[in-house]
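Each chain, letter by letter, is given below.
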Amino acid sequence: MALPDLAKKPQRFTGGHRACAGCGFPITIKIILQAAENPVVVGCATGCMEVTSTIYPYTAWRCSFIHTAFENVAATMSGVEAAYRSLRRQGKINQDITFIAFGGDGGTYDIGLQSLSGAMERGHKLVYVCYNNQGYMNTGIQRSSATPRGANTTTTPAGTQLPGKPQYPKNLTAIMAAHDIPYVAQASMSHWNDLYRKAKKAFAAEGPAFLNVLSTCRLGWATAPEDTVDVAEGAVQCNVWPLFEVEKGNWKLSFKPKKPLPVADWMKQQGRFKHLFRSDNSQLLETIQQQVDEDWQRLLELCGVNGE
Amino acid sequence: MAVAVEIQKTAALTGNEAAAQAMRQINPDVVAAYPITPQTEIVQLFSTFVSDGLVKTEFVAVESEHSAMSATVGAAAAGARSMTATSSQGLALMWEMLYVAAGMRVPIVMPMVNRALSSPINIHCDHSDSMGARDSGWLQIYSENSQEMYDNLIQAVRIAEHPNVLLPIMVTMDGFIISHGMENVELLPDQAVKDFIGEYHFPYPLLDVEQAKTLGPLTLQDFYFEHKREQAEAMYRSKEVILAVAEEYAAISGRKYGFFETYKMEDAEYAVIVLGSTAGTAKYVVDQLRQAGEKSGLVKIRVFRPFPGQELSEALSGLKAVGIMDRADTFSTQGGPLYLEIKAALYHAANQPQCINYIYGLGGRDIDPPLIRQAFMEVKDLASGSAAEAGPTVRYLGVRE
């Protein structure tokens, strides 16, 4: 897919929504929806995406859309997909329809994890997309289990005693791979062609699929709106957010930086890590770099790729 | 239509079996459910219908009740007739989604087997679970026995899906007392039920992808109130629908239902009001009292939401005293939920009977004829003005204290 061709594909998510200037998720979902060939029905967890795109009596969705609550988009879409199977079996519907559930990292990693696990385990044919902006941004930048270690959030504020979030993020993509569903992938809004290709694969999977897509939150990350894509790119280039896919149990690396950037370079782009560059936090920066290196090595092993 | 009356089949069924048979005959497109005592048998039996191809249903064995209600809402909104079933903690876990179902106007029908709420944990009957959900926007119908559970479930489909209503509805029966007690139930022929309920037509199905729908948008100060006002209006309109559906159901079954049932009330001077299975025992006590020359009567509430306040007020006018029996407490120090509703309904009545409240049977505590008789005698004393002293208006019956 060439970019000019992608631009010509019909938009299922229109302009006029009320996301912030420089918000990452509209880019993410537009690319994913453009990869769908069939009509789609979208479900959305409560969060920025939902509250900015469906302010009654307006909607930014040119496809059927349902939102019920925060922690249950996977369960809600299980019901929609079950209804489709039932009515199709009865001959009341004859066309192919693609089902997509969107949730932020709050609705996916944390409050919605049970509902997500249940839906994937039951084998509903739906694609779950986590637009991962590494925090509870809709409620005002609180930590989630996807928030990076050291990040300043409103529930892990960087203070004189505590340097931001104490824990590393949970490896949700690996947790979803452990469900042994046909297709799991980690992607970034910055690598649109990779994301488009992965969305295509997810839609074609014979069963549930899960995409974990890094999507910048310029407010929560404290970056300039025009840097949205660059910051997501930086996360990939420093191995904080590696791109890979797990297809029928086979781990495959999608992208290997020629020379990985230091994590500190990526952090410097964002106000949420500002305090880590104080001299008293230099040890923490080193510790985080070591962890990212270890995680990267482990991923290379899983993917059968030789390290440096 | 009346043909069905003659070809009904009598079967010895537990309440759970009767509910499962009703579900088999309703034959929903989707059932998403999670087992919980004492409802479990419904889910198990329905699963065997699915396994044996007796229903067309897509059965979703979800991982929790929250997901059960979420999936049922999704399926109903997609355009499929959808059901679930639960009890107690399961209903409590659904709480958030009960309000979503009602606000989204999806006509889900749910058998609800009444059981006490934790803590302490208890698996036996009281009405704390459904009473806690009384303001969630669901219609609520209470059943005295297995036959009523069966009949109410079938009628519930028509009521919920009526275009003037479009609201979810829970049909309850008392856990263990009814759910696990066996009695004769008259079952309609499958075809009669199919004809009676007709096809499901949700006006805004998600799966109509040619005309995309947005369900569950953010609605702010400018429209939220209008949506809620419409929802309230649907509840008002449901009263007429409930009675019309009851008429039609009587024509095919020979069994007629209303908002409530009156028993020996024609010349009664005092009465007791109950919900659920206690009505059966209370009728036996009324019969005994009547043989002894007492002018006692009984009112059994069937429809609790919408609450038939005006109709009840008329039925109770002229009585000198009523005892209102609640199998749940509100912990408000003002009495049980049924008591509060009835007192409010009587506020504008010209001849207000005196009201006392009995909270009884929590956690499955037996309610036996002597206890009900005690309640009747106290109400009688109140009616005749011969009570030695007024006593508390909220009384706890059959408890050690």
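Only a predicted model underlies this, so the values are computations on that prediction, with no experimental measurement involved. (Residues numbered from 1 in each chain as written. Chains lettered and ligands numbered in written order. Predicted model: local features only at pLDDT ≥ 70, side-chain atom pairs only at ≥ 80, totals over all residues.)

Novice: Account for the overall build of chain B, with residues named and values stated.
Specialist: Per the secondary structure count, chain B includes 13 helices and 16 strands. Here chain B has a C-alpha radius of gyration of 21 Å; the compact-globule value for 401 residues is 21 Å, and the two agree. Each principal axis of the C-alpha atoms in chain B carries an extent, and together these give about 70 × 55 × 45 Å. Among the 401 residues that make up chain B, the fraction classed as buried is 56%. Long-range contacts, defined here as pairs at least 24 residues apart, represent 81% of the contacts in chain B between residues at least 6 apart. (Helix = DSSP H or I, 4+ residues; strand = E, 2+ residues; numbered from the N terminus. Rg over C-alpha atoms; globule rule 2.2 N^0.38 Å. Buried ≥ 20, exposed ≤ 12 C-beta atoms within 10 Å, placed from the backbone. Contact = placed C-beta atoms within 7 Å.)

Novice: Can you tell me about the sheet that holds strand β16 (residues 394-397) of chain B, naming the residues and giving the values?
Specialist: Residues and elements named next belong to chain B. If you trace the 6 strands from one edge of the open sheet to the other, you get β10-β12-β11-β14-β15-β16, paired in mixed fashion. Two strands in the sheet have a free side with no partner beyond their single neighbour: β10 (260-263) and β16. Direction aside, the axes of adjacent strands within the sheet are offset by 20 degrees on average. Pairing of strand β11 (residues 270-275) with strand β14 (residues 321-326) involves 4 bridges; the strand directions are parallel. (Pairing = 2+ DSSP bridges. Axes fitted to C-alpha atoms, helices over the stretch in contact; angles between N-to-C directions.)

Novice: Could you give me a rundown of the pairing of strand β5 (residues 109-114) of chain B, with the residues and numbers involved?
Specialist: All names here are of chain B. A large share of β5 lies buried, amounting to 6 of its 6 residues. For β5 and strand β7 (residues 169-174), the ladder comprises 6 bridges, and the chain directions are parallel. The partner of valine 113 across the bridge, within β7, is methionine 173.

Novice: Report on the domain arrangement of chain B, specifying residues and quantitative values.
Specialist: All names here are of chain B. Domain parsing of chain B yields domain 1 (3-199 + 216-253) and domain 2 (260-397). When each unit is reduced to the centre of its C-alpha atoms, the spacing between domain 1 and domain 2 is 27 Å. Taken residue by residue, the interface counts 26 residues in domain 1 and 19 residues in domain 2. Counting residues per element, the ones that place at least two in the side of domain 1 that touches domain 2 are α6 (128-132), β6 (139-142) and α9 (224-253). When residues in the side of domain 1 that touches domain 2 are grouped by element, the largest group, 5 residues, is from α9. (Domains from an automatic or database assignment.)

Novice: So what about the interface of chain A and chain B? Which residues, and what values?
Specialist: Contacts between chain A and chain B engage 38 residues on the former and 39 residues on the latter. For the side of chain A that touches chain B, the elements supplying multiple residues, two or more each, are α3 (48-53), β2 (64-66), α4 (73-89) and α6 (113-122) of chain A. Sorting elements by how many residues they give to the side of chain A that touches chain B places α4 of chain A first, with 12 residues. Residues of the side of chain A that touches chain B, tallied by class, amount to 20 nonpolar, 14 polar and 4 charged. (Nonpolar A, V, L, I, M, F, W, Y, C, P; charged D, E, K, R; others polar.)

Novice: Quick one: what's the story with the sheet that holds strand β3 (residues 98-104) of chain A, residue by residue and with numbers?
Specialist: Two pairing modes exist for strands in a sheet, parallel and antiparallel, and in both the strands are linked by backbone hydrogen bonds. Here we have 9 strands laid out as an open sheet, ordered β8(A)-β7(A)-β5(A)-β6(A)-β4(A)-β3(A)-β1(A)-β2(A)-β9(B), and mixed in their pairing. Either end of the sheet is taken by a strand with one partner, and the two such strands are β8 (250-253) of chain A together with β9 (214-215) of chain B. The pairing of strand β1 (residues 40-44) of chain A with β3 of chain A spans 5 bridges and is parallel. Each bridged residue has a counterpart across the sheet, and for valine 42 of chain A the counterpart in β3 of chain A is isoleucine 100 of chain A. Most of the contacts of helix α8 (residues 192-204) of chain A go to strand β5 (residues 183-188) of chain A, to which it runs at about 160 degrees, and overall it touches β3, β4 (127-132), β5, β6 (209-214) and β7 (244-247) of chain A.

Novice: Which residues make up the packing of helix α7 (residues 146-161) of chain B against helix α8 (residues 190-197) of chain B, and what values go with them?
Specialist: All names here are of chain B. Interhelical geometry of α7 versus α8 gives an angle of 25 degrees and a closest axis separation of 9 Å. Classified by the angle their axes make, α7 and α8 are roughly parallel. Where α7 crosses over α8, the two elements pack in a sense that is right-handed. Along the contact surface, α7 presents Ile154, Val157 and Arg158, while α8 presents Val193, Phe196 and Ile197. (Parallel < 35°, antiparallel > 145°, perpendicular 65-115°, else oblique. Left-handed = near helix turned anticlockwise from the far one by under 90°.)

Novice: Outline the environment of isoleucine 26 of chain B, supporting the account with residue identities and numerical values.
Specialist: Residue and element names in this part refer to chain B. Tracing the chain through its elements places isoleucine 26 in helix α2 (residues 15-26). Expressed as a C-alpha distance, the spacing of isoleucine 26 and isoleucine 154, which sit 128 residues apart in the sequence, is 7.0 Å. Here isoleucine 26 is in contact with Ile154, Val157, Val193 and Ile197, once residues within four sequence places are set aside.

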